[in-house]
Amino acid sequence: MISCSTTSKPIFETKPELVYPDLSDKKFCRGKGYILSEGEMKGRLNFTFTSSRDTAYIQFKDLIGRKTIFIILKNEDIDAWDMLNNRRYDRASILISLPFFEMIQPKELRTFLWGSIPPVFSEPDQIKSQSEKVSGGIEFRSGQTAFGPLIEHVSFNMKDEKYKIDMVMMNREFDLQYPHLIRNIPTSVIPIKVNS
């Protein structure tokens, strides 16, 4: 099953005929996956996440198992900890390091972690509005699960920056958490800010 939603100019494509399951009775979601990046940053990072309805915690590891990045996603805010260099990133510096966040808000990425397409990418008027902000596209792919069709793959393609990232979900479990991920970034971590 494939469901596409593209925010590239000038073509918009949506396939609303696929009905996603109602997960509104679920309070938590956890899972594992990986990201593949092409362009300036190439490579693969595995991740583990746990999410409530208002906050998600994502731990990335490299292929040899080192913890590399820890991200906290709230509704409009994102906080990141580069664990290898012990540095904390604000939103502006994250956009430089992870430019796909120009295309998707933290709450929308959290919606993907739960297996749904964010409303901004499924309603034609909002797709048009969103596409005016970025030059690129986002494509979602669904797979059949025990709960019905859920998003398993999202591709971010930023044409201007020649940058592509694929985020692939390997498994999800509902009403379960990874308690070790639910934490704040230590205040001792050095903050990195982008000069304006």
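Residues numbered from 1 in each chain as written. Predicted model: local features only at pLDDT ≥ 70, side-chain atom pairs only at ≥ 80, totals over all residues. Heavy atoms only, no water.

**Quick look at the packing of aromatic side chains**
Part 1 of the reasoning: For the structure shown, the criterion picks out five aromatic pairs.
Part 2 of the reasoning: Centre to centre, the rings of Phe47 and Phe49 are 6.5 Å apart; their planes meet at 45°, and the pair counts as tilted. There is no split in this pair, since Phe47 and Phe49 are both buried.
Part 3 of the reasoning: Aromatic pair Phe147 and Phe174: ring centres 4.7 Å apart, planes at 80°, arrangement edge-to-face. Taken together, the residues Phe147 in the loop between β7 (136-145) and β8 (148-158) and Phe174 in strand β9 (residues 163-174) connect sequence positions 27 residues apart.
Part 4 of the reasoning: A relative accessible area of 9% places Phe174 in the buried class.
Part 5 of the reasoning: Counting every residue linked through ring pairs, the aromatic cluster contains Phe47, Phe49 and Phe60.
Part 6 of the reasoning: Stacked on the ring of Trp114, the Lys or Arg Arg53 has its end atom at 3.7 Å from the ring centre.
Part 7 of the reasoning: Its end group placed over the ring of Phe70, Arg183 keeps NZ or CZ at 4.6 Å from the ring centre. (Phe/Tyr/Trp six-rings, centres within 6.5 Å; stacked < 30°, edge-to-face > 60°. Buried < 20%, exposed > 50% of the residue type's maximum accessible area, 1.4 Å probe, protein only. Helix = DSSP H or I, 4+ residues; strand = E, 2+ residues; numbered from the N terminus. Lys NZ or Arg CZ within 6 Å of the ring centre and 35° of its normal.)

**As for the confidence of the model for the protein chain**
Part 1 of the reasoning: On average, residues of the protein chain carry a pLDDT of 81, and 77% of them reach 70 or more.
Part 2 of the reasoning: The secondary-structure element of the protein chain with the lowest mean pLDDT is helix α3 (residues 124-131), recorded at 51, while strand β3 (residues 56-61) shows the highest, at 96. (pLDDT = per-residue confidence, 0-100.)

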